[in-house]
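# Architecture and fold: a report
Spelled out from the first residue to the last, the chains are:
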Amino acid sequence: MKKIPVLFLCLLLAGAAQGQRFSGYSSASTARQEATERTLKSLPSPESVRQFHRYLTAEPHPAGSARNHELARYVADEWKRQGWQDVTIHRYDVYNSAPRQVTLEMVEPVRYTAGLREASYDDDPDTKNPRVSRGYLAMSASGEVTAPLVYARGGNPEDYDLLEKHGIDVRGKVVIVRYSNPYSYRGFKALTAERRGAAALLIYSDPAEDGYNKGAVFPNGPWGPETHLQRGSITYDFIVPGDPLTPGWASTEGARRIKPEDSQSVPKIMAAVMSWHDARPLLEQMDGPEAPKDWQGGLPITYRLGGGRVKVHLKVDMDNSVKPNYVVEARLPGAEVPDEWVLVGNHRDAWEFGGVDPSSGTASMLELTRALGEMAKKGTRPRRTIIACSWDGEEVGLTGSTEWGEQFAVDLARKLVAYINVDSSASGSNFQGSAVGSLAPLLVEVSRTLDDPSGTSLYEAWKTSAAADTARFAATGGSERKAAVDDESLVDTRIGSGSDHTVFLNALGRPVVGLTFDGPYGVYHSMYDDYYWINHFGDPGYRYHTLMSRLWGVLALRLANADVLPFDFGFYGRDIGTFLRELCGAADPSRAAAGVASGGCRAGELDLGPAIAAAEEFAAAGRELKQAIEAALAAGPLDQKKADALNRRIMDVETNWLSREGIPGRPWFKHMLYAARYTYAHLELPGITEAVEKQDWKTARDETAKLVSALARNTALVREAAVGLKRP
Ligand SMILES: [Zn+2]
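Residues numbered from 1 in each chain as written. Predicted model: local features only at pLDDT ≥ 70, side-chain atom pairs only at ≥ 80, totals over all residues. Heavy atoms only, no water.

Along its length, the protein carries 23 helices and 18 strands. In summary, the protein has a C-alpha radius of gyration of 26 Å against a globular reference of 27 Å for 728 residues, a match within 12%. Taking the principal axes of the C-alpha coordinates as reference, the protein spans close to 85 × 60 × 60 Å. Across the 728 residues in the protein, those meeting the buried criterion constitute 59%. Residue pairs at least 24 apart in sequence account for 80% of intrachain contacts in the protein once pairs closer than 6 positions are excluded. (Helix = DSSP H or I, 4+ residues; strand = E, 2+ residues; numbered from the N terminus. Rg over C-alpha atoms; globule rule 2.2 N^0.38 Å. Buried < 20%, exposed > 50% of the residue type's maximum accessible area, 1.4 Å probe, protein only. Contact = heavy atoms within 4.5 Å.)

Dropping the structure here:
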């Protein structure tokens, strides 16, 4: 290769940069921002991330444990050392759940005592740590039962319906189900078992889902070995997340608390977790009808529904009581616009070592904050305030983030530009980005500026892995996603629950982004999700952890330093239109095509035409605003007052998606565009969609009317913003 003089190369690069402004930046601020981002990207180092990760994963650190409190102090001390300000440890006394004793035996037809314990391996000394817990499910009720065992596949309602058809009554019995086939959040399985009158629920990991059927198992591969236990919580946080005793308000000192028995989110059923090692002896002994073909799992046995031959004795003794959770918060005060906040956060609590979930994310966050702190020490401060939070109790019920969000709701509603959540940062190399529609284009734009360890840009690597995902999805009969992955469909704009973004999006109406790198990962919530696993399978060399620190930082800085907040309402409006169109014919799928072809869009008795028109109008107003902003920025920097007024309006758009009374039946969830199903799956236009599914046309019409007026409010707001910009 010909050697190009360095100075000439610099001029070339500077020239290229001038031609391309970042969204929301003038040419001058783009050049400044490029330099800032270059510095940020140069600071994270894999070795530093590894050291954070080793410390974080040295011991089990579940919510409410002494070790997790110690780690709160560790994070706080790091942040102080790194140069962050206002470092605060917030304490919330919340309803916590820890096991005293869980025992399970088969008493008939033969005796078998389940170990509920994970085997240790010489290769990985951490697996010998005596402080690792035996299997349990947090928030299980305490009690004792001896009863016949019934197999209910995935523990979803349709599975019980099939049992009923076979004349199998689950009332008073112990039900055993598989973790994911099809996937649903374990809390939904518990609620379903409770509603069907089962005495207790056992959830086990079948090798078909995350074990040997998938590939080599730990310690030789990334999949779950024979004894791995997928711990977890069964809290009904899909009804209301956070501390079950303070639903909708913060559990600060002296706060009003309800009784656990009055809480909607505390299960009343006993539940326990099993490995297939312990489940197999029970399943093997079962009698009754042979389970259908798609109920057969990965074990070399015939799965049966259960005719009463197998009886088990389960005893669960939980310490469910109020314990402190600690949220750590730190700030880099904005140099120019301190009252606009960009929040980055990750949960700290882990079921055991938390190699991937969440300590990979915590390590990436500490490396990100180290880089930002170092820059601040040298005088490069963000224009807007950046806040970092280390959440607690996420695994129990999204507890820490929910309580913090509820405590500072008033400020957050007004000041929070966006929340960027990273739960697990790297269990592999496939990037997955999710965002509200207005931030999706920014995420794509930013991905072009980062280098992927594979040698291409993150953007190219993302496109490749997304295309592979789509091909896999098509191969399994799916048709939901398009075959070719264009920029518009790279970002997942269908946001469910299951992590700390929930309070910010669903209760406070603030824009959110979620970032993760994933890959083959069969040890989720087991003790094998640890340092060894990351170093051998998930991310040897910590390259993706480090890329996450860079990506997270560039995105945070892009939002924090923009002249005009880079939200794209044209894209948002188009996305909302797509969600609405998906409801056409939802009540009668056979008529869907006909309805669309004739130009109408109806779901049963609901006419969605006016809502689609309103979404299109909002999208058009959004495109006009974007053009006006980019034209203004192309002409030079904006007048500060003008920019402030414009940014205020941009921030208010998300707020307008909130419905004061919340979605029907779940008043805590206030966002009209996004919510989660009880299974945690994403649920768009929750109020309308659920009403349509119930064929409750009155509610469906009311919810649609609310959305139409929100769309009209936002169209007016976005137009005002464009007019304000053009005014001399
Ligand atoms: Zn997590």
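Our next topic: the coordination of the zinc ion. Within the protein, H347 (NE2), D357 (OD), D423 (OD) and D423 (OD) serve as the donor atoms for the zinc ion, at 1.9 to 2.7 Å. For the zinc ion, the four donor atoms are set out with angles of 53 to 146° between them, so the coordination reads as irregular. All donor residues of the zinc ion come from one chain, and their arrangement in sequence is H-x9-D-x65-D. Remark: D357 occurs in the loop between β10 (337-347) and α9 (359-377) and H347 occurs in strand β10; sequence separation between them is ten residues. Assessed through its relative accessible area of 0%, H347 is described here as buried. (Donors = N, O, S within 2.8 Å, 3.2 Å for Na, K, Ca; no water. Tetrahedral: all angles 85-135°; square planar, octahedral: opposite > 155°, others 65-115°.)

Right, let's talk about the side chain of K189 for a bit. Locating K189 in the fold gives a position in helix α6 (residues 186-195). One buried charge, K189, has no salt-bridge partner; the nearest side chain with opposite charge is D159, at 6.8 Å. Only 2.6 Å separates the side chain of K189 from the backbone oxygen of Y179, close enough to count as a polar contact. If we skip the residues at most four places from it in the chain, K189 touches G154, G155, V177, R178, Y179, S180, P182, S184, L201 and I203. (Lys, Arg positive; Asp, Glu negative; His and termini not counted. Salt bridge = Lys/Arg side-chain N within 4 Å of Asp/Glu carboxyl O. Polar contact = N/O pair within 3.5 Å; in protein donor to acceptor, adjacent residues only side chain to side chain.)

Describing two packed helices takes the angle between their axes plus the distance from one axis to the other. Where helix α21 (residues 640-655) contacts helix α23 (residues 697-726), the axes come no closer than 10 Å and their chain directions differ by 170°. The orientation of α21 with respect to α23, classified from their angle, is roughly antiparallel. Packed against α21, whose contacting residues are K642, L646, R649, D652 and V653, the element α23 presents N714, L717, V718, E720, A721, G724 and L725 at the interface. (Axes fitted to C-alpha atoms, helices over the stretch in contact; angles between N-to-C directions. Parallel < 35°, antiparallel > 145°, perpendicular 65-115°, else oblique.)

Looking now at the state of the cysteines. Taken as a whole and judged by the stated rule, the model has one disulfide. Between C584 and C601 runs a disulfide, and the two sulfur atoms are separated by 1.7 Å. Across the disulfide from C584 to C601, rotation about the S-S bond amounts to roughly -100°, and the bridge is consequently left-handed. Placement of the pair is C584 in the loop between α18 (569-581) and α19 (592-597) and C601 in the loop between α19 and β15 (602-603), with a sequence separation of 17 residues. By relative accessible area, which is 5% here, C601 ends up buried. (Disulfide = S-S within 2.5 Å.)

Of the consecutive residues F218 and P219, the connecting peptide bond is found in the cis state with omega at 5°. Inspection of the secondary structure puts P219 in the loop between α7 (207-210) and β7 (232-233). That bond from D357 to P358 is cis: its omega, 5°, falls within 30 degrees of zero. Its location among the elements puts P358 in the loop between β10 and α9. Residue M139 is not a glycine yet carries a positive backbone phi of 75°. In this structure, M139 sits in the loop between β3 (137-138) and β4 (143-151). The phi torsion at Y680 lies on the positive side, around 85°, for a residue other than glycine.

Under the definition given, this model contains 45 salt bridges. Residue R21 pairs with E630 through a salt bridge whose shortest N-O separation is 2.8 Å. Taken together, the residues span a long stretch of sequence, with R21 in the loop between α1 (6-19) and α2 (27-42) and E630 in helix α20 (residues 609-634) at a distance of 609 residues. Here R21 falls in the partly exposed class, since its relative accessible area comes to 24%.

Extensive coverage of helix α11 (residues 399-407) is indicated by the burial of eight of its nine residues. Burial in α11 covers these residues: T399, G400, S401, T402, E403, W404, G405 and E406.

Turning our eyes to something else, we now look at the packing of α2 against α9. Put simply, α2 and α9 touch, their axes get as near as 9 Å, and they point 125° apart. Compared by their axis directions, α2 and α9 come out oblique. Of the two possible hands of crossing, α2 and α9 adopt the one that is right-handed. Along its contact with α2, which presents T36, T39 and L40, the element α9 presents A371, L372 and M375. When its residues are assigned to classes, the contact of α2 with α9 shows four nonpolar, two polar and no charged. (Left-handed = near helix turned anticlockwise from the far one by under 90°. Nonpolar A, V, L, I, M, F, W, Y, C, P; charged D, E, K, R; others polar.)

Ranked by internal contacts, the top residues of the largest apolar core, which has 151 residues, are W79, I420, F504, L515 and L580. With near-sequence residues (within four places) excluded, F504 lies in contact with L343, W391, S401, W404, G405, L412, L416, Y419, G509, R510 and V512. Ranked by size, the runner-up nonpolar core spans 69 residues in total, among them A141, A193, L305 and L314. (Core = buried A, V, L, I, M, F, W, Y, C linked by side-chain atoms within 4.5 Å.)

Evaluated as defined, the whole model comprises three cavities of 30 Å³ or more. Roughly 50 Å³ of internal volume is contained in the largest cavity. What lines the largest cavity is simply T36, L332, L372, M375, A376, T380, R381, P382, I386 and L557. Element by element, the count of residues in the lining of the largest cavity is highest for α9, at three residues. Broken down by class, the residue content of the lining of the largest cavity amounts to seven nonpolar, two polar and one charged. (1 Å grid on protein atoms, 1.4 Å probe; cavity = no way out; pocket = protein on both sides within 12 Å on 5 of 7 lines; lining within 4 Å. Points joined across faces, edges and corners; volume = space filled by probe spheres on them.)

Our next topic: the environment of N421. By secondary structure assignment, the location of N421 is in strand β12 (residues 416-421). For N421, a relative accessible area of 5% gives the class buried. Separated by 78 residues in sequence, N421 and S499 have C-alpha atoms that sit 8.2 Å apart. For N421, the contacting residues outside a window of four places in its chain are G345, W391, S499, D500, H501, V513, G514 and L515.

Once that is clear, we can look at the confidence of the model for the protein. Here the protein averages 94 in pLDDT, while 94% of its residues score no lower than 70. Per-residue pLDDT stays below 50 along residues 1-18; that stretch engages in four contacts with residues further than four places along the chain or on separate chains. (pLDDT = per-residue confidence, 0-100.)

So, on to the pairing of strand β1 (residues 85-108). Relative to strand β9 (residues 311-332), β1 is paired through 20 bridges, and the arrangement is antiparallel. Each bridged residue has a counterpart across the sheet, and for L104 the counterpart in β9 is L314. Bridge analysis of β1 against strand β2 (residues 112-113) gives two bridges, and the strand direction is antiparallel. Its bridge partner lying in β2, M106 is registered against Y112. Counted along the chain from β1 to the antiparallel partner β2, the turn is three residues long. (Pairing = 2+ DSSP bridges.)

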